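Coordinates in review
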Amino acid sequence: MAVDEKTYKVVGTQPVRHDGVDKVTGRAKYGVDASMPGMVWGKVLRSPHARARIKSIDTSRAETADGILAVTTGEDYPDTGPGDYMDERAIARNRVTYAGQAVAAVAAISAHEAEEALRLINVEYETLPPILDVQSAMAKDAPIILDELRTETSGSFGNSPTNIAKHIIHEEGDVEAGMAAADHVFERSYTTSMVHQGYIEPHNALAYWNPDGSLVVESSSQGHFGIRDDLSKVLDYPKSKIRVIPAEIGGGFGGKTTVYLEPLAAVLSRKSGRPVKMTMNRTEVLIGTGPASGAHTTICLGVTNAGEITAAKIELAFEAGGYPGSAVGAGCLCAIGPYGIKNFRIDGYDVIVNKPKSHAYRAPGAPQAEFGVDCLVDEICEALNMDPLEFRHLNATKQGDVRADGTKYHTIGNIETVEAAMATDHWKTSLGEGSATKRRGRGVGSGYWMNGGGKSSAVARLNEDGTVTLLEGSMDIGGTRTSTAMQLAETLGIAIDQVNPIVPDTDGIAFTGVTGGSRVTFATGWAAIEAAKDLQAQMVSGLSDYWDVSSDAIAVDQGAFSQNGTTITFQEAAAVLHDDGQEIVGKSTVEPSGAGNTFALHIADVEVDLETGKVDILRYTALQDAGTAIYPPYVEGQMEGGVAQGVGWALHEEYVYDEDGRMRNSSFLDYRMLTSLDIPMIETVIVEVPNPGHPYGVRGVGEVPLVPPLAAVANAISQAIGVRIRDLPASPHKVRAAIASSTQ
Amino acid sequence: MRAIQYAAPTTVDDAVALLAEHGENARILAGGTDLIVQVREDGRDTELFVDAKGIPELTDLTVSADGTTTLGAATPCYELYGNDNFCAAYPAIVDAARIIGSTGIQGRASVGGNLCNAGPAGDSIPALIVHSAICNVAGPNGRREIAVEDFCTAPGRNSLEAGEMLVSLTLPSPPPNSGTHYLRFIPRNEMDIAVVGAGAFLQLDGDSITAARIALGAVAPTPLFVQAAGEALIGQTAGEAAFAAAAEIARDTASPIDDMRGTVAHRKQLSYVLTQRALRGALAHAQGGTPSNGH
Ligand SMILES: Cc1cc2nc3c(=O)[nH]c(=O)nc-3n(C[C@H](O)[C@H](O)[C@H](O)COP(=O)(O)OP(=O)(O)OC[C@H]3O[C@@H](n4cnc5c(N)ncnc54)[C@H](O)[C@@H]3O)c2cc1C
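Criteria and thresholds
Residues numbered from 1 in each chain as written. Chains lettered and ligands numbered in written order. Predicted model: local features only at pLDDT ≥ 70, side-chain atom pairs only at ≥ 80, totals over all residues. Heavy atoms only, no water. Core = buried A, V, L, I, M, F, W, Y, C linked by side-chain atoms within 4.5 Å. Buried < 20%, exposed > 50% of the residue type's maximum accessible area, 1.4 Å probe, protein only. Helix = DSSP H or I, 4+ residues; strand = E, 2+ residues; numbered from the N terminus. Contact = heavy atoms within 4.5 Å. Buried area = accessible area lost by both parts, 1.4 Å probe. Salt bridge = Lys/Arg side-chain N within 4 Å of Asp/Glu carboxyl O. Polar contact = N/O pair within 3.5 Å; in protein donor to acceptor, adjacent residues only side chain to side chain. Nonpolar A, V, L, I, M, F, W, Y, C, P; charged D, E, K, R; others polar. Near = heavy atom within 4 Å. Areas by Shrake-Rupley, 256 points an atom, 1.4 Å probe, with all protein chains shown as cover. Domains from an automatic or database assignment. Pairing = 2+ DSSP bridges. Phe/Tyr/Trp six-rings, centres within 6.5 Å; stacked < 30°, edge-to-face > 60°. Lys NZ or Arg CZ within 6 Å of the ring centre and 35° of its normal. Expected span 1.5 Å × (residues − 1). Axes fitted to C-alpha atoms, helices over the stretch in contact; angles between N-to-C directions.

All names here are of chain A. One finds Tyr620, Ile717 and Ile721 to be the most contacted residues of the largest nonpolar core, which totals 96 residues. The leading source of residues in this core is helix H11 (residues 366–384), at ten residues. Once you skip the residues sitting within four places of it in the chain, tyrosine 620 turns out to touch His426, His602, Ile603, Ala604, Val643, Val647, Met681, Ile682, Glu683, Pro709, Ala712 and Val713.

Encoded structure:
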């Protein structure tokens, strides 16, 4: 469905992935596989209380226990100053703000001894009643969780204690006038629960110190430079003395872009003089890392009888967790993304509650923010008797429209995606009949995500046999070694199997930002393109010496070099240059903007068992603008993964708390992610409206597919049962209660 | 977690001797799909695993001349649904064996372990109740029998005394013109714990019900034998009206709690719906058909 029919040789094909063989044979080295002679094991003691003052920590018994080599508490870490709370987030000092927060850690000869020693640490807590939802935390006389906190609004700070860390405001046009121009004004509130990324591989870290005082850390993360920089901050240690070695990663989805175990392992290693290895179990992952915020949103839209949105008023309150920093900012930018609305006001609140400090999760903030908007749009379509795709087509954001932060959209594929949805077999096929006890519904959800640019580095080294070793700085989480190598191969005019992509450690390549924000294929791909151009230019210049002609006299076509009627292949050129004593290395660091916004649209068919409230997904189609799909099956994989996580978010996933603020479902038995039997084959449609801001037209693709499923599924259920679902997850007991309330 | 000893006796007497010697700190290991998970989570008191899988009496599946079946307590689920005669005779137990965990779990997990674990939501227990299973128990004072509906006493507690173990289950030969069915409600389609489970047994004389048993899971501290619901069906014509009346008794007898897996209202409703569905399945089976396996 390419709009721009460029002919590529490598881009758009499906070569064997470079990491494939190692992964299917089990040879790939994940963080948990890291090992060192003399290595010992670290374990973390976590707070059982959601909100408490730490009066004292007595570690004396643990220190002398069998096999124990070191114990660490918050006292061992420097004060990182106000703002991001990096110190307390690594390990508590004086207080805990959520159950599961690290309070102490030990290192022992064996993991079992370490676990046993944790029981010997005596922490005296003064517990306080926890605050577990944004509405209670924002209430007038709410108890204050972080005494020193003041609300930040556009860079200035309030002067009274609060649980609201940040208030964001975006305004455009004239909201009151827009609402006045509307024939109908709709306002509804929505809630979503805290959910976890659910990556299959738990966090891990191995840390050791060299005699020269340098620290080495091996862990699986979404960016070893980010881990290095976080470590430098938490330990107050120079970046140049920290080397982080990346491992293969078993999923991250945003959750592995900061340190958890790494600083504790580093300090335990310093104290014990041994390499220290730490791994989390699943419960620790759920209670002790950074899930996505639960949110409470209020959406108000004005529309004309013809279905044009005249104004929007949006309020988003996100659970930051125990420390500031939810994704509400991005939520504000995305909330009305799919809709070109001239008059709007968006208020976002970052709210402290006694839950784990939230962290990035795929299109951070967008699913929670867009869920309510897309549910309300569905309700409006029902009220106006309009087709939901026609409505989206009519109101679609277009080039030149303004985003919440004032940025103007360039070429975007929003309308194209809506039109592609209208053309699907799914949309054109009727839903089919249910039965006496089962009702069907079809729902639509839209998604917008801005995508990221950021800094990326690549080095391309020409080998004498004509292969190219590509060193690139991005941790490969979704197959980006191959999609980056493909862009290099396309640029050089060589075959993809002639490229060997490698992700070196932080000393082996220049700074590269985190693998997140759907930025790697875009930005690191671009770095590879530039490194390829550099390499090619050096080859030309080398050949001009060799042939003794000017560089201008050499033509490059499909990897071959010609001059004066002589043509040599890329391989021959490599050999010639090597024999001539030239070793050629191309390099580049880029920091491109223009990541190119991306839009998605999903269609979900559900069947609801009216007697039990169980929801089955009958059919599901996901569409999205990929710009240019470098490796189409990877794009489809991202779309399918987003659907599986988003449908789980819509139907089952939630952090369930007891009144003391302890998570009650901290295992995969009761934290329910979808299994393979819970979702049918997902139909995917890749729309390609090339991004003019990238040499090959790439837009990021990894995040936006998590956005539409929440509303698509909720809208489908609402249609099936005739009652609106505004509170996720739509678990069977809630759906059944909604059915019961409507039939009374 | 601390190091744990392991013993693999080959006779019931040796196993009982080990249990008697080590007291509460010894645990019978059948498939280990509950036990190992529990001990890893908090195994402070467990010192010895007594592996039951090496004792022939615990892994045998035998049918005697009168049609009575003896099911060794440690027999894994897959052996049940892999046995055509067992499938024909005890469909509700097979329904349960097929849904416990996954294929991998079923290669290890036993019905005896499911019963001894005494979870309110244990899937095989309502099925065993409707099949009128008898527990054969061995201990320091010899052997005794316990009706399966009396076996569980509280969540995670059963009526085994110190040093006792479950050897096998005796399953009466299914009467003619009878059928059973077990099903559960879970939010997803696999790998979930029952929000409610329901088992039913029906025996017919023509259209008329001559015997019936109903049992529910996950609606009380132990799996619940709803005797009144079964009795109310006797003499009735098998069909929707009678099933609805029995389902109402099941719903009223259920005394569930609100928890993260379900609310009281939802579990009551599910008790009603699932009892009807279990009865429909049992009826289909009694009439020679196969029940549909809808949730
Ligand atoms: C992933 C997963 C999914 C699961 N899904 C389900 C499910 O869907 N439904 C369900 O009901 N359960 C489920 N379970 C729980 C478990 O698999 C079942 O309860 C299983 O039947 C237990 O049998 P086992 O042979 O593994 O018992 P074990 O774990 O070996 O034993 C269980 C308990 O019974 C005791 N015990 C065992 N045998 C004897 C004996 N002969 N005498 C005295 N005591 C004994 C043990 O000491 C232990 O306390 C699941 C477990 C897992 C890990």
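Read on, since the account is not over.
Our next topic: the interface of chain A and chain B. Residue-level contacts link 25 residues of chain A with 22 residues of chain B. Of all residues in chain A, the largest losses of buried area upon contact with chain B belong to Glu611, Lys614 and Arg672 of chain A, amounting jointly to 24% of the total for that side. At the surface where chain A touches chain B, the tally comes to four salt bridges. For aspartate 192 of chain B, the salt bridge is made with arginine 672 of chain A, and the minimal N-O distance between the two is 2.7 Å. Counting across the interface, chain A meets chain B through eleven residue pairs in polar contact (both at pLDDT 80 or more). Mapped by element, the contributors of at least two residues to the side of chain A that touches chain B are helix H4 (111–118) and helix H20 (732–743) of chain A. Considered class by class, the residues forming the side of chain A that touches chain B number six nonpolar, seven polar and twelve charged.

Residues and elements named next belong to chain B. Surveying the vicinity of the ligand reveals 30 residues, the closest of which are Ile28, Thr33, Asp34, Ser110 and Asp123. Between the ligand and the protein, one listed contact pairs an oxygen atom with a backbone N or O atom of glycine 31 at 2.7 Å. Protein chains bury 86% of the 980 Å² of accessible surface belonging to the ligand in isolation. Put simply, the parts of the chain that give the shell around the ligand at least two residues each are strand E2 (26–29), helix H8 (111–117) and strand E10 (165–171). Grouping the amino acids of the shell around the ligand by side-chain chemistry returns 15 nonpolar, nine polar and six charged.

Let us look at the domain arrangement of chain B. All names here are of chain B. In terms of domain boundaries, chain B breaks down into domain 1 (5–171) and domain 2 (178–285). The C-alpha-based centres of domain 1 and domain 2 are spaced at 24 Å. At the interface, 25 residues of domain 1 touch 22 residues of domain 2. For the pair domain 1 and domain 2, the summed buried area comes to about 1,900 Å², and 65% of that belongs to carbon and sulfur atoms. Three residues, Pro120, Pro126 and Val130, lead the burial of domain 1 against domain 2; their summed loss comes to 28% of the area buried on that side. Counting across the domain 1 and domain 2 interface gives two salt bridges. Taken together, domain 1 and domain 2 are joined by eleven residue pairs in polar contact (both at pLDDT 80 or more). Going through the elements one at a time, helix H6 (91–99), helix H9 (124–130) and strand E8 (152–154) are the ones with two or more residues in the side of domain 1 that touches domain 2. Grouping the constituent residues of the side of domain 1 that touches domain 2 by class yields 16 nonpolar, six polar and three charged.

A separate point is the sheet that holds strand E14 (residues 224–225) of chain B. All names here are of chain B. Reading across from one edge, E11-E12-E13-E14 is the order of the four strands in this open sheet, with antiparallel pairing throughout. Strands at the two margins of the open sheet, each flanked by one partner only, are strand E11 (178–185) and E14. In this sheet, E14 lies alongside strand E13 (residues 208–217) in antiparallel orientation, the contact comprising two bridges. By the bridge assignment, alanine 215 is partnered in E14 with phenylalanine 225.

Applying the stated criterion across every chain yields a total of 15 aromatic pairs over all chains. Ring geometry for tyrosine 8 of chain A and tyrosine 696 of chain A: centres 5.4 Å apart, planes at 85°, overall edge-to-face. Of this pair, tyrosine 8 of chain A sits in the segment before helix H1 (20–25) while tyrosine 696 of chain A sits in the loop between strand E28 (682–687) and helix H19 (708–721); the two residues are 688 residues apart in sequence, bridging distant segments of the chain. Classification of tyrosine 8 of chain A by relative accessible area gives partly exposed; the value is 25%. Accessibility expressed as a relative area gives 11% for tyrosine 696 of chain A, which makes it buried. Pairwise contacts between aromatic rings join Tyr409, Tyr448 and Phe599 of chain A into one cluster. Note that arginine 251 of chain B overlies the ring of tyrosine 272 of chain B, its terminal NZ or CZ placed 4.6 Å from the centroid.

All right, on to the domain arrangement of chain A then. All names here are of chain A. Domain annotation for chain A reports domain 1 (20–28 + 453–590), domain 2 (34–128 + 200–251 + 256–288) and domain 3 (295–451 + 596–743). If you look at the interface, domain 2 gives 20 residues, while domain 3 gives 19 residues. Approximately 1,600 Å² of surface area, both sides summed, lies buried where domain 2 meets domain 3, with 61% of it carried by carbon and sulfur atoms. Where domain 2 touches domain 3, the interface holds zero salt bridges. If you look at where domain 2 meets domain 3, you find ten residue pairs in polar contact (both at pLDDT 80 or more). Of all the secondary-structure elements, those providing two or more residues to the side of domain 2 that touches domain 3 are helix H3 (86–90) and helix H9 (282–288). Among the residues making up the side of domain 2 that touches domain 3, the classes are represented as nine nonpolar, six polar and five charged.

A separate point is helix H11 (residues 240–253) of chain B. Residue and element names in this part refer to chain B. Taking 1.5 Å as the rise per residue, H11 with 14 residues should run 20 Å; its terminal C-alpha atoms sit 20 Å apart, in good agreement. Looking at H11, one finds that the buried residues are Ala242, Phe243, Ala244, Ala246, Ala247 and Ala250. Of the surrounding elements, those touching the buried residues of H11 are strand E12 (196–205), E13, helix H10 (227–233) and helix H12 (264–286).

A separate point is the sheet that holds strand E19 (residues 456–462) of chain A. All names here are of chain A. Ordered by their spatial adjacency, four strands build an open sheet running E21-E20-E19-E25, and the pairing between neighbours is mixed. Sheet topology places strand E21 (499–502) and strand E25 (585–590) at the edges, where each strand pairs with a single neighbour. Between one strand and the next, the sheet's axes are offset by a mean angle of 15°, whatever the strand orientation. Where strand E20 (residues 468–472) and E21 come together, four bridges link them in parallel fashion. Its bridge partner lying in E21, leucine 470 is registered against proline 501. Where helix H15 (residues 480–492) meets the sheet, its contacts fall on E19, E20 and E21, and the angle it forms with E20 comes to roughly 130°. Here helix H16 (residues 520–547) sits on the sheet and contacts E19, E20 and E25; the angle it forms with E25, its principal contact strand, is near 145°.

Attention now goes to unusual backbone geometry. Residue and element names in this part refer to chain A. Between leucine 728 and proline 729 the backbone carries a cis peptide bond, its omega angle lying at 0°. With respect to the secondary-structure elements, proline 729 resides in the loop between H19 and H20. The residue phenylalanine 253 is not glycine, and still its phi comes out positive at about 55°. Mapped onto the fold, phenylalanine 253 is located in the loop between strand E13 (242–246) and helix H8 (262–272). Owing to a relative accessible area of 29%, phenylalanine 253 belongs among the partly exposed residues under this scheme.

A few words now on the environment of histidine 181 of chain B. All names here are of chain B. Structurally, histidine 181 can be placed in strand E11. Along the backbone, histidine 181 and threonine 170 are eleven residues apart, and their C-alpha atoms lie at a distance of 19 Å. Among the polar contacts made by the side chain of histidine 181, one reaches the side chain of aspartate 95 at a distance of 2.7 Å.

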